[in-house]
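# Structural features, examined
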Amino acid sequence: MSATHGGYYVPHGSHWPILGSIGLTTLLVGFASLLNGASGATMLMGIGVLITLVMLFGWFGTVINESLKGMYNDQVDRSFRWGMSWFIFSEVMFFAAFFGALFYARIYSVPWLAGEDVSTNQHLWPNFDADSAAWPTNGPAALGGEFSVLDPWKIPALNTLLLLSSGVTITLAHWALKKGNRGALVGWMVATVALGLTFLGFQVYEYIEAYGEHHNLTLGSGIYGSTFFMLTGFHGFHVTLGAIMLAVITIRCAKGHFSHDNHFAFEAVAWYWHFVDVVWLGLFIFVYLV
Amino acid sequence: MSTATTHDTHHAEHQSGLLRWVFTTNHKDIGTLYLLFSLLMFFVGGAMAMVIRAELFQPGMQVVDPMFFNQMTTMHALIMIFGAVMPAFVGLANWLIPMMIGAPDMALPRMNNWSFWILPFAFAMLLSTLLMAGGAPAGGWTMYPPLVLQTGDAFPFLIFSVHLMGISSIMGAINVVVTIVNMRAPGMTLMKMPLFVWTWLITAYLLIAVMPVLAGAVTMLLTDKFFDTSFFNAAGGGDPVMFQHIFWFFGHPEVYILILPAFGIVSQIIPTFARKPLFGYSSMVYATASIAFLSFIVWAHHMFTVGMPLTGELFFMYATMLIAVPTGVKVFNWVSTMWRGSMTFETPMLFALGFVVMFTIGGFSGLMLAIAPVDFQYHDTYFVVAHFHYVLVTGAIFAIMAAAYYWLPKWTGHMYNETLGKWHFWLSTLFVNVLFFPQHFLGLAGMPRRIPDYSVQFAEFNMISSLGGFAYGLTQLLFVYIVFQTIRGGAKATDQVWEGAKGLEWTLPSPPPYHSFETAPQIK
């Protein structure tokens, strides 16, 4: 088979996947050992992270090189697009599990405990009434002690504005890319990364505030603390990943890797960024506001 | 659409030795790896089943202690579901989908390698828990809190191995979807696709939708145990029942992930040996899609006795019963395909027919379990065990066996030993019924599942069941012998292999070239 240009590219053998398996397994065995209190676990985790990073750099590097050499035709490009879309869908379902937990707690389990289900209330927590069960609650045993929630109209509202603006700036970057204006493209990308990082900075600040004496809101603050930190935490983790991806893409934009009709990587990251944006809107409404 | 394939010219066609299998990006190599891994796990999980049946051979405690018994039931399920049945289907998808749709390979070959090569690591992690302080997970494969939170050192390893299996499944499923939507040969329209491709497309969608939910559920278990959260703790306003809801939102679609590809296999095999086209092709597609849709709205029928509001019981009961409609469409279509066909009964056809009859028995017992007031009696008894083993062993596993016999000549270029194949079928069918049929009676009489000891009134049926179990287990060694004999040699298979076989994979030589369709075929 000759290397016909314009055909579907099928790579022959790759050592990156097995390295990825070794990296991930080392990382997870290390983490599990750490949770079990074994010695040397942190070291193992570190090695796992290192191997995984090498794999990511190597794998993406290989793909970028192949892309620059023009080995991918339109059909390969479509495969990537479908792949990324379904990956984002799987991420949506991951968040759906935690949103599901939030809604279940608010609509069912807390009201049931508080007496909507009489026998549950009588047998388990007869003193837990509708007043003490009003959301936000840390449950009938008031786990984690008294706490107060964060004001949604301060940092969270600001953060909403930041993320929404970053959705605009990345679109402006996309337009610049399509027009072939590299200066504006890089400028808007840097702005997007900056907005993402500012969001993360505010999130960190807010977590410190929450854990402080004034709010005393922690992961241990019953079901409210659990859902609050799990949802915002996983979202923050995804924003971090997104920001790293954006930074890489910004560098690639500056190097001139993309043309007006061939920039899948840019669009993939833009889709991902819009996805974390939309998840945040869900968080802002259902975790902070209502 | 382009019609040619390019390859990385820097490498030789094949890497030699073991590393070929580690680095491979070829759909056939990866398919083979999946299938052999699944066979290995089938025997690991099977060995655990033998321990269970040995303990249950007589009332009283004789072979293992109760804690180890519980580890066996838990690990047997996890290994058979995630290690044996799912990888077997993904292996078949890898081998067959590119050949069936006229593609050179899977759409994302490197990721294909990774989805396989995560599995050996995930199962090494899971199996290593047998040696840990506190033993392997013993709270059941459903991992219900608060019981599962009492697991010893194995706990985080259980959670992380489930995460890894999820990552593998999601990547595999994305690859299947992308291959089917983007890699079809010109003229291969959606409604011309073989049924196996259709059922896998829908299965892949289910996988992408629910594996992340399982990941979320087990992550909450992890944080409840180690990071102070109270998702499943009523003291903090959470609810252990919430875990069951989230788990079964994954778990019920998972049940169809384990059976839809089997429907596809049987829909390929029956027309071949009845020498008639599949009856009601489009209704098969719609039935599969309907089953997939319904699978998302029936989950709580696994939890009828947990204390749900009456409206919940009713909704989930009726929604569950609705599934019998599209499933009935399928069974009637298979029967109608055979009607006045020119039938022959080679081994794959025997397994496919065994599937139709015995899967239907499992379907009917499922319908009985769907009736909420009746389920109050059946819940967590051996009736449930009998039900899901009929759909999973005589259903999924029989279909996988049928597929192995049907396509083995295509894969290896050799015919398997037909006499031995028939022996394998008849012994399996006899013993699997000796094994599982009496469990219906045990369950109806009230014997609970997942308990190592039982009241003496259950002794006879348990002994019969155990004897059937040992014999069924031994019979599977015959399958291994047949497969390896076929790989090593045997009568030369023709390209078409079966007189009535239709479809693109039968136009390729047996065995097919390393890259299936380098130039896409034209479908009329």
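About the thresholds
Residues numbered from 1 in each chain as written. Chains lettered and ligands numbered in written order. Predicted model: local features only at pLDDT ≥ 70, side-chain atom pairs only at ≥ 80, totals over all residues. Heavy atoms only, no water. Contact = heavy atoms within 4.5 Å. Buried area = accessible area lost by both parts, 1.4 Å probe. Salt bridge = Lys/Arg side-chain N within 4 Å of Asp/Glu carboxyl O. Polar contact = N/O pair within 3.5 Å; in protein donor to acceptor, adjacent residues only side chain to side chain. Helix = DSSP H or I, 4+ residues; strand = E, 2+ residues; numbered from the N terminus. Nonpolar A, V, L, I, M, F, W, Y, C, P; charged D, E, K, R; others polar. Phe/Tyr/Trp six-rings, centres within 6.5 Å; stacked < 30°, edge-to-face > 60°. Buried < 20%, exposed > 50% of the residue type's maximum accessible area, 1.4 Å probe, protein only. Lys NZ or Arg CZ within 6 Å of the ring centre and 35° of its normal. Domains from an automatic or database assignment.

Contacts between the two partners involve 72 residues from chain A, matched on the other side by 71 residues from chain B. Each partner contributes to the roughly 6300 Å² buried at the junction of chain A and chain B, and carbon and sulfur atoms together form 71% of this total. The interface formed by chain A and chain B contains one salt bridge. Here Glu 66 of chain A ties to Arg 110 of chain B by a salt bridge, and the two come within 2.4 Å at their closest N and O atoms. Across the chain A-chain B interface, the total number found is 20 residue pairs in polar contact (both at pLDDT 80 or more). Sorting the residues of the side of chain A that touches chain B by element identifies strand E1 (8-10), helix H1 (16-35), helix H2 (41-68), helix H3 (74-116) and helix H7 (222-254) of chain A as the ones contributing at least two each. A total of 21 residues in the side of chain A that touches chain B trace back to one element, the largest contributor, which is H3 of chain A. Grouping the amino acids of the side of chain A that touches chain B by side-chain chemistry returns 43 nonpolar, 27 polar and two charged.

A few words now on the pattern of salt bridges. Within this structure, the stated rule accounts for seven salt bridges over all chains. Two residues, Asp 29 of chain B and Arg 20 of chain B, come together in a salt bridge whose shortest N-O distance is 2.7 Å. Salt bridges sharing common partners tie together Asp 77, Arg 81 and Glu 267 of chain A.

Residue and element names in this part refer to chain B. Evaluated as defined, the whole model comprises 77 aromatic pairs over all chains. Arranged with centres 5.7 Å apart and planes meeting at 15°, the rings of Phe 351 and Tyr 405 form a pair that is stacked. Here Phe 351, found in helix H12 (residues 347-370), pairs with Tyr 405, found in helix H14 (residues 382-412); they are 54 residues apart in sequence, far enough to count as distant. Residues Phe 351 and Tyr 405 agree in their burial class; the two are buried. Seen from the ring of Trp 21, Arg 20 lies directly overhead, with NZ or CZ sitting 4.5 Å from the centre.

Here we take up the domain arrangement of chain A. Residues and elements named next belong to chain A. Taken domain by domain, chain A consists of domain 1 (1-72) and domain 2 (73-289). Relative to domain 2, the C-alpha centre of domain 1 lies at a distance of 26 Å. Taken together, the eight residues of domain 1 in the interface contact eight residues of domain 2. Interface area, domain 1 with domain 2, both sides summed: about 760 Å², of which 63% is carbon and sulfur. The largest share of the area that domain 1 buries against domain 2 comes from Tyr 8, Ile 64 and Tyr 72, three residues that together contribute 67% of it. Linking domain 1 with domain 2 are zero salt bridges, by the criterion used here. Where domain 1 touches domain 2, the interface holds two residue pairs in polar contact (both at pLDDT 80 or more). Listed by contribution, the elements that provide at least two residues to the side of domain 1 that touches domain 2 are E1 and H2. For the side of domain 1 that touches domain 2, a count of residues per class yields six nonpolar, two polar and no charged.

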